[in-house]
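If you want the building blocks of each chain, they are given just below.
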Amino acid sequence: GAVVSQHPSWVICKSGTSVKIECRSLDFQATTMFWYRQFPKQSLMLMATSNEGSKATYEQGVEKDKFLINHASLTLSTLTVTSAHPEDSSFYICSARVAGEDNSPLHFGNGTRLTVT
Amino acid sequence: SQQGEEDPQALSIQEGENATMNCSYKTSINNLQWYRQNSGRGLVHLILIRSNEREKHSGRLRVTLDTSKKSSSLLITASRAADTASYFCATGNTGFQKLVFGTGTRLLVSP
């Protein structure tokens, strides 16, 4: 149980275009999902906390107009990288926690590798 | 930054040997978790230890926690080539919603 599906697994786009990444909890409801960014051989850096039905909470230094997050249902959160540039190329990972279990482990998607040319 | 640090950054061992990874953190915590990441994939939760616990076991994994030193260790016994991955510690605070991940240890287990 507790499977998180992230789509697409990889995407290549041209500079200036926007890319949407989906994160779905398949067999549980998630009031909160988290979006991370990871550079090669580095740790995960939290970008934002996505809350169902409300605005996302962004970490310091993360541009909310650049990285649009929508959490429209208890099983889906989306991250849109707007007007992507080569420096946005990275590995983006979402995670979710089962609703009502605030101290339980996170369940991660398999990540999306974004390459902006 | 509240990010924890892990050492070593990289560890290379032979199958059958034990692997020990250490994690240090900076703030008070409610719990500490260890995750594993295979190359280019998401993270998989391994084990959670609460701040009032000192040691926990799960299969070949043994985790210790010393809140006075703000440190934790993960021991993998009788390692296998399939244990090759990056290992991250992550800390959660009281009433927390988000986790802060450490810098990670890249483990290579050679057959």
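All of the points below concern the structure found in this document. For clarity, every value in this text was computed on a predicted model and none was experimentally measured.

The next thing to look at is the overall build of chain B. When helices and strands are tallied, chain B shows 0 helices and 11 strands. The N-to-C order of helical and strand elements in chain B reads β-β-β-β-β-β-β-β-β-β-β. For a compact globule of 111 residues, the expected C-alpha radius of gyration is about 13 Å, and chain B comes in at 13 Å, within 12% of that figure. In chain B, which comprises 111 residues, the share counted as buried stands at 46%. Excluding contacts between residues fewer than 6 apart, the proportion of contacts in chain B whose partners are at least 24 apart in sequence is 56%. On chain B, roughly 5300 Å² of surface is accessible, and the fraction owed to carbon and sulfur atoms is 45%. Of the charged side chains in chain B, 13 are positive and 9 negative, and the gap between their average positions amounts to 7 Å.

Inspection of the entire model under this criterion finds 6 aromatic pairs over all chains. Ring geometry for Tyr 36 of chain A versus Phe 108 of chain A: centroids 5.9 Å apart, planes at 40 degrees, classification tilted. Linking Tyr 36 of chain A in strand 4 (residues 32–38) with Phe 108 of chain A in strand 10 (residues 107–108), this pair joins segments that are 72 residues apart in sequence. Neither residue differs from the other here; Tyr 36 of chain A and Phe 108 of chain A are each classed as buried. One aromatic cluster is present, formed by Tyr 36 and Phe 108 of chain A together with Tyr 35 and Phe 101 of chain B through successive ring pairs.

On to the state of the cysteines, then. Here is the idea: a disulfide is a covalent bond, and it sits between the sulfur atoms of two cysteines. All names here are of chain A. A complete count under the given rule lists 2 disulfides over all chains for this structure. Shown here is the disulfide that connects Cys 23 with Cys 94, its sulfur atoms set 2.0 Å apart. An S-S torsion of about 80 degrees defines the bridge between Cys 23 and Cys 94 as right-handed. Pair noted here: Cys 23 is in strand 3 (residues 19–25) and Cys 94 is in strand 9 (residues 90–97), with a separation of 71 residues, a long-range link. Overall, Cys 23 belongs to the buried group, its relative accessible area being 0%. On the accessibility criterion, Cys 94 (0% relative accessible area) is buried. There is no disulfide at Cys 13, and the cysteine sulfur nearest it, in Cys 94, is 18 Å away.

All names here are of chain B. Along the polypeptide, Asn 31 turns up in strand 4 (residues 31–37). A distance of 3.0 Å separates a polar atom in the side chain of Asn 31 from a polar atom in the side chain of Asn 30. In this structure the side chain of Asn 31 is engaged in a polar contact, spanning 3.0 Å, whose partner is the side chain of Gln 33.

What follows is about the sheet that holds strand 1 (residues 4–7) of chain A. Residue and element names in this part refer to chain A. One open sheet accounts for 4 strands, arranged 1-3-8-7; its pairing is antiparallel. Here the strands that pair on one side only, and so sit at the sheet edges, are strand 1 and strand 7 (67–73). Averaged over all pairs of adjacent strands, the angle between their axes in this sheet comes to 15 degrees, without regard to strand direction. Pairing between strand 3 and strand 8 (residues 76–81): 6 bridges, direction antiparallel. Across the sheet, residue Arg 24 finds its bridge partner in strand 8, namely Leu 76.

The rules behind these values
- Residues numbered from 1 in each chain as written.
- Chains lettered and ligands numbered in written order.
- Predicted model: local features only at pLDDT ≥ 70, side-chain atom pairs only at ≥ 80, totals over all residues.
- Heavy atoms only, no water.
- Helix = DSSP H or I, 4+ residues; strand = E, 2+ residues; numbered from the N terminus.
- Rg over C-alpha atoms; globule rule 2.2 N^0.38 Å.
- Buried < 20%, exposed > 50% of the residue type's maximum accessible area, 1.4 Å probe, protein only.
- Contact = heavy atoms within 4.5 Å.
- Areas by Shrake-Rupley, 256 points an atom, 1.4 Å probe, with all protein chains shown as cover.
- Lys, Arg positive; Asp, Glu negative; His and termini not counted.
- Charge placed at Lys NZ, Arg CZ, Asp CG, Glu CD.
- Phe/Tyr/Trp six-rings, centres within 6.5 Å; stacked < 30°, edge-to-face > 60°.
- Disulfide = S-S within 2.5 Å.
- Polar contact = N/O pair within 3.5 Å; in protein donor to acceptor, adjacent residues only side chain to side chain.
- Pairing = 2+ DSSP bridges.
- Axes fitted to C-alpha atoms, helices over the stretch in contact; angles between N-to-C directions.

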